[in-house]
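Chain and residue survey
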Amino acid sequence: MPRRLVWTLAALAAASAAILCAAPAQYLGRQQDDLLYIIGSQSLAQGSYRLSTCIGQPPLVAVVPGLPVLLLPVTWLSSGGTGAYQVFCALVLAGLPWLVWWWCRRRLGEPESVLVALLFATSPLVLCQSGAVMSEGPYTALAVLFLAAAESGRWPAAGALLLALTQLRLAGWSLLPAALCGPWRLKDRRAALWLLLPAASAAALWYAWSHGASRGAGEFHVIELRDSYQGHLWSRVLAVACDNARYYLASWGGAFWPLDWSRTAALAGAALAALALRGAWLLRGEERARPAVLLLCGAALLHLFWPWQYDRYLIPLLPWLLWLVAAGAGRRALPLLGLLLALQLTFHSARWLAGVETWRVPELSRTYAWLRAHSGSADGLASALNVRDGILCSRPSLPLPDVPQAQDFAGTLRRMRVRWVLWQDGLDIGLSARRGSTMDGKLQRIRAYLEDDRWFRRAYADPKEDARVYERL
């Protein structure tokens, strides 16, 4: 076996091992969506699609069914255990360095491709999601295969993959420019139909079911987007875009920056983004590079204006961002990638490989213990992250009702048999430009309701956990 191949295989194996060593990087439920995917899969296995842990078992309109469907074999084999889901998602994420290397090696040199795979695998953005039951890992894997199919003109395969990607994450629709650039150039309407028809049909079915199941309210993500911008000036759109740009640049740049330098991380991210833009410009004439560049453009535009922001949204973009950085660096790509890897390993990777304890243990552990000790199993609980809180304290849950008056708020809780309301100060729910947002206004109103002693009594407070529990009177 050639020595270079041995080194390549060893490096890729080390990349996968790093991801597996970091698992589980987070406790199950920290992001709440992970629990939604598991509940959705378990519900599908029983022939429905409902949020079984919540009061009234409402239909699960907040989660497109792609990942719950993908998790079905795990659901059937795990017999109700949750660890198998974490193992499965860690293995999917651990396989990504191989796919990233495979895709890059046709565009970069062998050492550069290996370094891109290593940079991806040891990024804190990836390691902090190892073992998390989230959609970004499977989505990135399918996106690599989708690009390979689109680049080679295999339209039926690309159409099937686009269907899977849009059902894993609605962000998959940002792939439309990448999907259609080939048929547009070739003026091939049949290829365009192969690409669009499966995904569009599945989306129509999902929207029809969501609309019917929610009794006319509509599809959850459309409601989120409408509520975030409706009633605001156009300056709100600009504020969201600026805040998202700052956040994602800082998140990417911070992967190579010391934690103490976090205030300047956005500058590092901006420098890398400028280099990636240079790479895109240099590749503008290459037909084979166009789908990947358009993939990045579509995703960047989506996440610029989507009024929610999370580090994990960068995972499906990271392979192609690093590829463009290498392309932009030209002959200096190898030393630059090596430097970035050294910085990343020095300042961040070891921390996640050792395990960040604050992410592995629920931050409201004592509050959950108090609720379990001072309430009955049928006592309902309402909170901002009600699925997470309800499951971790073993109580039926309800989201915080959005009503105009404290009396209406208390009355809704009474009708739904909710006794307790859990409030967590400083809760990060991923809002872009949080101040002035519709959601922040709702939370501030509810906080005022809870301090109204005509309807609620503060029963418990834990300053270290920034948590309070209110009892409905």
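Parameters at a glance
Residues numbered from 1 in each chain as written. Predicted model: local features only at pLDDT ≥ 70, side-chain atom pairs only at ≥ 80, totals over all residues. Heavy atoms only, no water. Helix = DSSP H or I, 4+ residues; strand = E, 2+ residues; numbered from the N terminus. Rg over C-alpha atoms; globule rule 2.2 N^0.38 Å. Areas by Shrake-Rupley, 256 points an atom, 1.4 Å probe, with all protein chains shown as cover. Buried < 20%, exposed > 50% of the residue type's maximum accessible area, 1.4 Å probe, protein only. Pairing = 2+ DSSP bridges. Core = buried A, V, L, I, M, F, W, Y, C linked by side-chain atoms within 4.5 Å. Axes fitted to C-alpha atoms, helices over the stretch in contact; angles between N-to-C directions. 1 Å grid on protein atoms, 1.4 Å probe; cavity = no way out; pocket = protein on both sides within 12 Å on 5 of 7 lines; lining within 4 Å. Points joined across faces, edges and corners; volume = space filled by probe spheres on them. Nonpolar A, V, L, I, M, F, W, Y, C, P; charged D, E, K, R; others polar. Contact = heavy atoms within 4.5 Å. Phe/Tyr/Trp six-rings, centres within 6.5 Å; stacked < 30°, edge-to-face > 60°. Lys NZ or Arg CZ within 6 Å of the ring centre and 35° of its normal. Expected span 1.5 Å × (residues − 1). Bend = angle between axes of the 7 residues up to and from the residue. Parallel < 35°, antiparallel > 145°, perpendicular 65-115°, else oblique. Patch = residues over 30% accessible without salt bridge, like charges linked within 9 Å, V, L, I, M, F, W, Y side chains within 5 Å. Salt bridge = Lys/Arg side-chain N within 4 Å of Asp/Glu carboxyl O. Left-handed = near helix turned anticlockwise from the far one by under 90°.

Comments concerning the overall build of the protein
Secondary structure summary: the protein contains 22 helices and five strands in total. For 473 residues, the compact-globule estimate of 2.2 N^0.38 gives 23 Å, and the C-alpha radius of gyration of the protein, at 23 Å, lies within 12% of that figure. Along the first, second and third principal axes, the C-alpha set of the protein runs to 75 × 50 × 50 Å. Accessible area of the protein: about 21,700 Å², with a carbon and sulfur share of 63%.

Some words on the pairing of strand β5 (residues 467-472)
With six of six residues buried, β5 is to be regarded as a mostly interior element. Judged by which residues are buried, β5 turns out to be covered on both faces: Ala467, Val469 and Glu471 on one side and Arg468, Tyr470 and Arg472 on the other are all buried. One ladder, built from five bridges, connects strand β3 (residues 418-424) with β5; its direction is antiparallel. In the sheet register, Leu422 faces β5, and the bridge partner there is Val469. Pairing analysis gives six bridges linking strand β4 (residues 456-462) to β5, with the strands arranged antiparallel. Opposite Tyr460, over in β5, you have Val469 as the bridge partner. With antiparallel pairing between neighbouring strands as the criterion, β4 and β5 make up a hairpin whose turn holds four residues, including Asp466 at a positive phi of roughly 55°.

What about the nonpolar core?
In summary, soluble globular proteins display a tendency toward joint burial of nonpolar side chains. Counting 127 residues, the largest nonpolar core has Phe146, Trp320, Trp323, Phe409 and Phe456 as its most contacted members. Broken down by element, the residue count for this core peaks at ten residues, all from helix α16 (residues 318-329). One finds Leu364, Tyr368, Leu381 and Cys393 within the second-largest nonpolar core, a separate group that totals eleven residues.

So, the sheet that holds β3
Sheet architecture is open: five strands sit in the order β2-β1-β3-β5-β4, paired in mixed fashion. Bordering the open sheet on either side are β2 (397-399) and β4, each of which pairs with just one other strand. When strand polarity is set aside, the average angle formed by the axes of neighbouring strands in this sheet is 25°. Relative to β3, strand β1 (residues 380-383) runs parallel, the two being bridged by four bridges.

Observations concerning the layout of surface pockets
The calculated volume of the second largest pocket comes to roughly 580 Å³. Sorting the residues of the lining of the second largest pocket by element identifies α13 (234-253), α14 (265-282), α15 (290-305) and α16 as the ones contributing at least two each. Considering every element that reaches the lining of the second largest pocket, the biggest residue donor is α15, with six residues. Here the lining of the second largest pocket is built from residues that sort into 18 nonpolar, two polar and no charged.

Brief notes about the environment of Ile19
On the secondary structure map, Ile19 appears in helix α1 (residues 3-22). Separated by 385 residues in sequence, Ile19 and Pro404 have C-alpha atoms that sit 47 Å apart. Sequence-distant contacts of Ile19, defined by excluding residues within four places in its chain, comprise Ala90, Leu93, Ala94, Pro97, Ala121, Val126, Leu127 and Ser130.

Brief notes about the packing of aromatic side chains
One pass over the full model with this rule turns up 13 aromatic pairs. Relative to Trp206, the ring of Tyr49 has its centre 6.4 Å away and its plane inclined at 75°; by these criteria the two rings are edge-to-face. Of this pair, Tyr49 sits in the loop between α2 (33-45) and α3 (66-70) while Trp206 sits in helix α11 (residues 189-213), and the two are 157 residues apart along the sequence. Here Tyr49 falls in the buried class, since its relative accessible area comes to 8%. Linked through ring pairs, Tyr49, Trp206 and Trp209 together constitute an aromatic cluster. Arg284 extends its terminal NZ or CZ atom over the ring of Trp281, reaching a point 3.9 Å from the ring centre.

Some details on the environment of Asp466
As for its placement among the helices and strands, Asp466 is situated in the loop between β4 and β5. Classification of Asp466 by relative accessible area gives partly exposed; the value is 39%. It is 46 Å that separates the C-alpha atoms of Asp466 and Trp103, two residues lying 363 residues apart in sequence. When residues no more than four places from it in sequence are discounted, the contact partners of Asp466 are Trp423, Gln424 and Asp425.

With respect to helix α5 (residues 83-104)
In a regular helix each residue adds 1.5 Å, so 22 residues correspond to 32 Å; α5 covers 33 Å between its end C-alpha atoms and thus fits that length. Along α5, the sharpest change in direction is near 25° and occurs at Leu96; proline Pro97 comes one to four residues later. Inspection of α5 places Tyr85, Gln86, Cys89, Ala90, Leu93, Ala94, Leu96, Pro97, Val100, Trp101, Trp103 and Cys104 among the buried residues, and these make up the whole buried set.

Considerations on the packing of α14 against α16
Contact pair α14 / α16: the axes reach a minimum separation of 7 Å and the direction vectors enclose 75°. Between α14 and α16, the angle falls in the class roughly perpendicular. In contact with Leu272, Leu275, Ala276, Arg278, Gly279, Ala280 and Leu282 of α14, α16 contributes Leu321, Leu324, Val325, Ala327, Gly328 and Ala329. Broken down by class, the residue content of the contact of α14 with α16 amounts to ten nonpolar, two polar and one charged.

Considering a nonpolar patch on the surface
On the surface, Leu5, Leu9 and Trp98 cluster together to form a nonpolar patch covering roughly 220 Å² of accessible area. Among the structural elements, Trp98 can be located in helix α5. By relative accessible area, which is 31% here, Trp98 ends up partly exposed.

Re the packing of helix α9 (residues 155-168) against α11
Viewed as axis vectors pointing N to C, α9 and α11 meet at an angle of 25°, and their least axial separation amounts to 8 Å. Taken as axis vectors, α9 and α11 run roughly parallel relative to one another. Handedness of the crossing formed by α9 with α11: right-handed. Here Trp155, Pro156, Ala158, Gly159, Leu162, Leu163, Thr166 and Gln167 of α9 lie close against α11, whose contacting residues are Ala191, Trp194, Leu195, Pro198, Ala199, Ala202, Ala203 and Trp206.

It is worth stressing that arrangement in space is one thing and function is another; only the former is reported here.
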